[in-house]
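Working through the structure, step by step
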Amino acid sequence: MSTSATPPRSLAEALRVRDDASLGALLRARPDLITPVPTDLTQLATRAGTRASVVRALERLDRFALQTAEALAVAGEPASYAELLGLLAGDAGAPAVAGALPRALGTLREQALVWGEDERLRLVRTARELLAPSPQHPSPTGLGPTVQEATAGMSPGRIQEIVTAAGLPSTHDSVTAVAALSGLFTDRERMATLLAGLPEESLDVLRRLVWGPPYGQVTADPAVRLRRLLDMGLLLPTAPGTVVLPREVALHLRGGLAHRVTEPLPPAVEPVATHRPQVVDATAAGQAYTALATVEELLKDWDEGGPVVLRAGGLSVRDLKRTAVALDVSEPVAAFWVELAYAAGLIASDGEADERYAATPAYDEWLERPSAERWVRLAEAWLTATRTAGLVGGRDAKDRTLSALGPGLDRSAAPEVRHRVLTLLAGLPEGASPSVESVRARLRWERPLRGPQRDDDLRSRLTEWALSEAELLGVTGRGALSAQGRALWGAAPARAPREEPSGPGDKLPVHHHTAPPAEPLSPTEQAVASAAAARLLAPLLPEPLDHVLLQADLTAVAPGPLQRHLADVLDVLADVESKGGATVYRFTPGSVRRALDAGQAASDLHAFLAAHSRTPVPQPLTYLIDDVARRHGHLRVGAASAYVRCDDDALLNEILADKRAAGLLLRRLAPTVLAAQADPAALLEGLRQMGFAPAAESAEGDVLIARAHAHRTPPRTAPEPVPDGPPVPDATLLSAAIRAIRAGDLASTTPRKESPDHGTTGELPRTSSAETLATMQAAVLTNEALWIGYVNAEGSASQRVIAPIRVEGGFVTAYDHTADEVRTYPLHRITGVAELADD
């Protein structure tokens, strides 16, 4: 509220009497106003009233602040505080509304959507145009136009007929007649008397229109119940066949309420279950371990090069299904893990001609970190990512399918929703898990209005996805925020619960739940929070094991996570048969041959198993390794197109006699050599399917070792989140911007001597070059300050107050009061100069 003796006459004047803290709050709440920095407060006020900026500000209001703005849009202009309170609380009054209104009005004032003192409240004109009722854009209040607006095109004779039918004396002009009719409809007692004389069927018509929409259709010859209403002006025609319920009549029937349901207090987030904090933390840690294992398995599956990148970008539906099968999860969950790894910078496209997805070099660095730190990296990426995996499989605005890792998945509201969800969870007692519907209702109250391009249900879906993804990732356990989740979010682990207001009379918390989301942590604060989360999680994760349990049925049981070297060798030597708390590996001739192809000798495999098994190496496993090794490499395959050579010609005869070899088109070149039409890879595979154990050889005759080739992309950075508008300015930028705005305002409002050559107030001064030079030289001698207009090299014009020090060489050196420093200006860029007034 203005503190000056004279009430402000414009938004610019209202801003002018604000202190720096209030201006800073405005620029933080509406950061679009500071890009670029306004030259003065008049320009700031103009920018604050532009349609795009007002729409953005309205979208970020909570429900009650928005209802307050909507009530002002249907109130008189200017409106008094009492009138506004009446529209929100009604004739009966509501203590909760009366208690919450100062905060809501303070929010609107802070964001420069409302200005003026309590007795003369004015909604910014653009906001009034957006929120006021109109046939094209009905108001959420459900109210129609006023009597004055509805009768604007009506003939004077018809207006006089309505006045007479309503029991009022006729007047000499339409203006006083409309005013008298409006006065009747806003007088509670007289209006009650007027309605009491109507038949019940006419009152039923009014009741059907009272909460909106206020428009109805009538025929050329309306029924008697409608004719009475039309005659008395209780329904007014707006177009042929269309009538409207005037706003004043609707407000009387509503008991003065602008909204059917006024929501001054946010809905409470209701806990549906409470668990012991230790159980929550252990459950979340188990999920965190599963998350790490799943991401590792995904990247291991793509280690030698993953799926092909679609021409339009992203994964194909078939590749996503294949990935889901490999991870043993549903396709939506697979899309989440793929997008999470991408957001963390662990996978990207390789940029080759045949473009594929693959692990990045950052993946190898990530693998070397402790498990808790690796989890923190994933959780941080999830918190800030704007890419939304839940949209995968949906359709975009052009009806194209949205694919994982493809374009069109960014939703700038996603990080804010995740942050708010964690905020609400942190506000509950430890171990308490809320219902999804209560969280969704709370976020709908905090952000009830979105832009015209919105998907109306997007915010609700983002809320559901945030809760489910937090559980998958281990930020929550059993629906409650875990200790590591609290630490990562920036809350103290042992935090006292904050009470929710539950009804009228309860004290509203100071901005904990009703204010916009808090600003994100600074990089330093986030690093401290992440380190704390890693410390809390580390003791809860299982320690990697250095052993397995070998079974007599050619299986090995890993009772927990294995050390990386052990897991890598076992992945080559055996096939994974089942996963879970314990992983079961099965040894087969094919898996043993795979290890031998990778360069391992039989003696190496025996030593490895003996060193890492807590049980004796079973004899069947020893025989299996020796048997495969004895036959491994006995046959040699090279390029002819392909050939087979073997010192045992009887073995080659056996191959030629086998009917299954017919497709290989083998023929004998020498007693120990067979030639084939198939390529070496197909020949190797065909002989292995026949039960042989051939080995590939090089052109020099050496055995080729088939080592896994880890394919990596060039260095890639994680995708940048798409911001939801301009970033919130930091304290340094705010201070500098406020100082520049005030200095520019001083220059534009400093009194100056009147001159017919200087134009009207607010325009840049215009003088000739000779007059500008002469005035500058005189000011150097008299040490007087001058008001100048200046156009910089980019063509931007500004007003400045300077004290010239020296004029030479076509330049003036002066102390610039606007910039608070000494500057040099080319004289040819000065549009004109004017002397300041003596006062």
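Refer to the structure printed above.
Quick summary incoming for the structure in this document.

Conventions used here
Residues numbered from 1 in each chain as written. Predicted model: local features only at pLDDT ≥ 70, side-chain atom pairs only at ≥ 80, totals over all residues. Heavy atoms only, no water. Helix = DSSP H or I, 4+ residues; strand = E, 2+ residues; numbered from the N terminus. Rg over C-alpha atoms; globule rule 2.2 N^0.38 Å. Buried < 20%, exposed > 50% of the residue type's maximum accessible area, 1.4 Å probe, protein only. Contact = heavy atoms within 4.5 Å. Areas by Shrake-Rupley, 256 points an atom, 1.4 Å probe, with all protein chains shown as cover. Core = buried A, V, L, I, M, F, W, Y, C linked by side-chain atoms within 4.5 Å. Arc of directions from axis to C-beta. Polar contact = N/O pair within 3.5 Å; in protein donor to acceptor, adjacent residues only side chain to side chain. Pairing = 2+ DSSP bridges. Axes fitted to C-alpha atoms, helices over the stretch in contact; angles between N-to-C directions. Phe/Tyr/Trp six-rings, centres within 6.5 Å; stacked < 30°, edge-to-face > 60°. Lys NZ or Arg CZ within 6 Å of the ring centre and 35° of its normal. Parallel < 35°, antiparallel > 145°, perpendicular 65-115°, else oblique. Nonpolar A, V, L, I, M, F, W, Y, C, P; charged D, E, K, R; others polar. Salt bridge = Lys/Arg side-chain N within 4 Å of Asp/Glu carboxyl O. Left-handed = near helix turned anticlockwise from the far one by under 90°.

Some thoughts on the overall build of the chain
- Scanning the chain from N- to C-terminus turns up 33 helices and 25 strands.
- Compactness check: the chain gives a C-alpha radius of gyration of 39 Å against a globular reference of 28 Å for 839 residues, more than 25% above the reference.
- C-alpha extents for the chain along the principal axes are approximately 125 × 90 × 55 Å.
- Taking all 839 residues of the chain together, the buried fraction comes to 48%.
- Taking as baseline every contact in the chain between residues at least 6 positions apart, the subset at least 24 positions apart corresponds to 66%.
- For the chain, the accessible area works out to roughly 39,700 Å², and carbon and sulfur atoms hold 54% of it.

Focus: the nonpolar core
- Judged by nonpolar contacts, the single largest core of 88 residues is most densely connected at Phe185, Leu206, Leu234 and Leu235.
- Residues in contact with Phe185, not counting those within four places in the same chain, are Val147, Met191, Leu194, Met232, Gly233, Leu234, Glu248, Val249 and His252.
- If you look at the next biggest cluster of nonpolar residues, it comprises 74 residues, including Leu298, Trp366, Ala413 and Ala534.

Description of helix 3 (residues 41-48)
- All of the buried residues in helix 3 are Leu41, Leu44, Ala45, Arg47 and Ala48. For helix 3, the arc enclosing every buried residue in end-on projection is 165 degrees, short of the 170-degree limit, so these residues lie on one face.
- For helix 3, the capping residue at the N-terminal end is Asp40, with a side-chain oxygen 3.2 Å from the backbone nitrogen of Thr42.

Side note on the environment of Ser578
- Mapping Ser578 onto the fold places it in strand 14 (residues 575-578).
- Note on Ser578: relative accessible area 32%, which makes it partly exposed.
- On a C-alpha basis, the gap between Ser578 and Val163 in space is 86 Å, while along the polypeptide they are 415 residues apart.
- If we skip the residues at most four places from it in the chain, Ser578 touches Thr583 and Val584.

Some remarks on the sheet that holds strand 25 (residues 830-835)
- The sheet built from five strands is open, its strands ordered 24-23-22-21-25 with antiparallel pairing. The open sheet has two edge strands, strand 24 (821-826) and strand 25, and neither has a second partner. Averaged over all pairs of adjacent strands, the angle between strand axes in this sheet comes to 45 degrees, irrespective of strand direction.
- Sheet contacts for helix 33 (residues 769-782): strand 21 (786-791), strand 22 (797-808), strand 23 (811-816) and strand 25; angle to strand 22, the most-contacted strand, approximately 60 degrees.

A few points about the packing of aromatic side chains
- One pass over the full model with this rule turns up four aromatic pairs.
- Ring geometry for Tyr790 against Tyr825: centres 4.8 Å apart, planes inclined by 65 degrees, an arrangement best described as edge-to-face. A residue pair is termed long-range when its members are at least 10 positions apart, and Tyr790 in strand 21 and Tyr825 in strand 24 qualify at 35 residues.
- Overall, the relative accessible area of 3% leaves Tyr825 in the buried class.
- The lysine or arginine in question, Arg374, covers the ring of Trp366, its NZ or CZ lying 5.2 Å from the ring centre.

Details of the packing of helix 16 (residues 277-301) against helix 18 (residues 331-343)
- Relative to each other, helix 16 and helix 18 sit at 80 degrees, their axes nearing to 10 Å. Taken as axis vectors, helix 16 and helix 18 run roughly perpendicular relative to one another. On helix 18, the residues that touch Ala291, Thr294, Val295, Leu298 and Leu299 of helix 16 are Trp337, Val338 and Ala341.
- Residue composition of the contact of helix 16 with helix 18, grouped by class: seven nonpolar, one polar and no charged.

Considering the pattern of salt bridges
- Overall, the coordinates contain 39 salt bridges when judged by the stated rule.
- Linking Glu77 and Arg128 is a salt bridge whose minimum nitrogen-to-oxygen distance equals 3.6 Å. Here Glu77, found in the loop between helix 5 (63-74) and helix 6 (81-89), pairs with Arg128, found in helix 8 (residues 125-131); they are 51 residues apart in sequence, far enough to count as distant.
- Residue class for Arg128 comes out buried when judged on its relative accessible area of 16%.
- Where Arg356 meets Asp354, a salt bridge forms, and the shortest distance between an N and an O atom there is 3.9 Å.
- Shared partners join several salt bridges into a network, and the residues in it are Arg60, Glu416, Arg447 and Arg459.

A short note on helix 26 (residues 564-573)
- Of all the positions in helix 26, only Leu566, Ala567, Val569, Leu570 and Leu573 are classed as buried. Relative to the axis of helix 26, the buried residues are bounded by an arc of 165 degrees and lie together on one face.
- Among the structural elements, strand 15 (583-586), helix 27 (589-597) and helix 28 (602-612) are those in contact with the buried residues of helix 26.

Some details on the packing of helix 5 against helix 6
- Packing of helix 5 against helix 6 leaves a shortest axis separation of 10 Å and a crossing angle of 115 degrees. As for how helix 5 packs across helix 6, the hand of that crossing is right-handed. For the pair helix 5 and helix 6, contact is made by Phe64, Gln67, Thr68, Ala71, Leu72 and Val74 and by Leu84, Leu87 and Leu88, respectively.

Notes on the pairing of strand 18 (residues 667-670)
- Pairing of strand 18 with strand 19 (residues 673-676), which is carried by three bridges, proceeds in the antiparallel orientation. Bridge assignment links Ala670 to a residue of strand 19, and that residue is Val673.
- Counting the residues that bridge the hairpin from strand 18 to strand 19 gives two residues.

Brief notes about the side chain of Ser53
- Counting through the fold element by element, Ser53 comes out in helix 4 (residues 51-59).
- Judged by its relative accessible area of 4%, Ser53 falls in the buried class.
- Residues contacting Ser53, with those up to four places away along its chain left out, are Arg30, Asp32, Leu33, Arg47 and Ala48.

Focus on the side chain of Ser460
- By the element assignment, Ser460 lies in helix 23 (residues 458-473).
- Owing to a relative accessible area of 8%, Ser460 belongs among the buried residues under this scheme.
- Apart from residues no more than four positions distant in its own chain, Ser460 is found in contact with Arg440 and Arg444.

What about the environment of Thr813?
- Residue placement: Thr813 occurs in strand 23.
- Of the residues examined, Thr813 reaches a relative accessible area of 13% and is grouped as buried.
- Among residues more than four places away in sequence, those in contact with Thr813 are Pro804, Ile805, Arg806, Val822, Arg823 and Thr824.
- Among the polar contacts made by the side chain of Thr813, one reaches the side chain of Thr824 at a distance of 3.3 Å.

Quick notes on the sheet that holds strand 5 (residues 242-244)
- Spatially, the three strands line up as an open sheet ordered 3-5-4, and their pairing is antiparallel. Taken across any chain shown, the strands that pair with only one partner, and hence form the sheet edges, are strand 3 (215-217) and strand 4 (236-239). Adjacent strand axes in the sheet meet at a mean angle of 40 degrees, parallel and antiparallel pairs treated alike.
- Where strand 3 lies against strand 5, three bridges are found, and the strand directions are antiparallel. Within strand 5, the position partnered with Gly216 by the bridge is Val243.

Here we look at the environment of Ser798
- Looking at the secondary structure, you find Ser798 in strand 22.
- Remark: the alpha-carbon pair of Ser798 and Ile738, spanning 60 residues in sequence, is separated by 16 Å.
- Every residue in contact with Ser798, bar those within four places of it in the chain, is listed here: Leu764, Ile788, Gly789 and Tyr790.

Observations regarding unusual backbone geometry
- In this structure, the amide linkage connecting Thr35 to the following residue, Pro36, adopts the cis form with an omega of -10 degrees.
- Relative to the helices and strands, Pro36 is located in the loop between helix 2 (20-29) and helix 3.
- Positive phi outside glycine occurs at Leu665, with the angle close to 55 degrees.
- Structurally, Leu665 is set in the loop between helix 30 (649-657) and strand 18.

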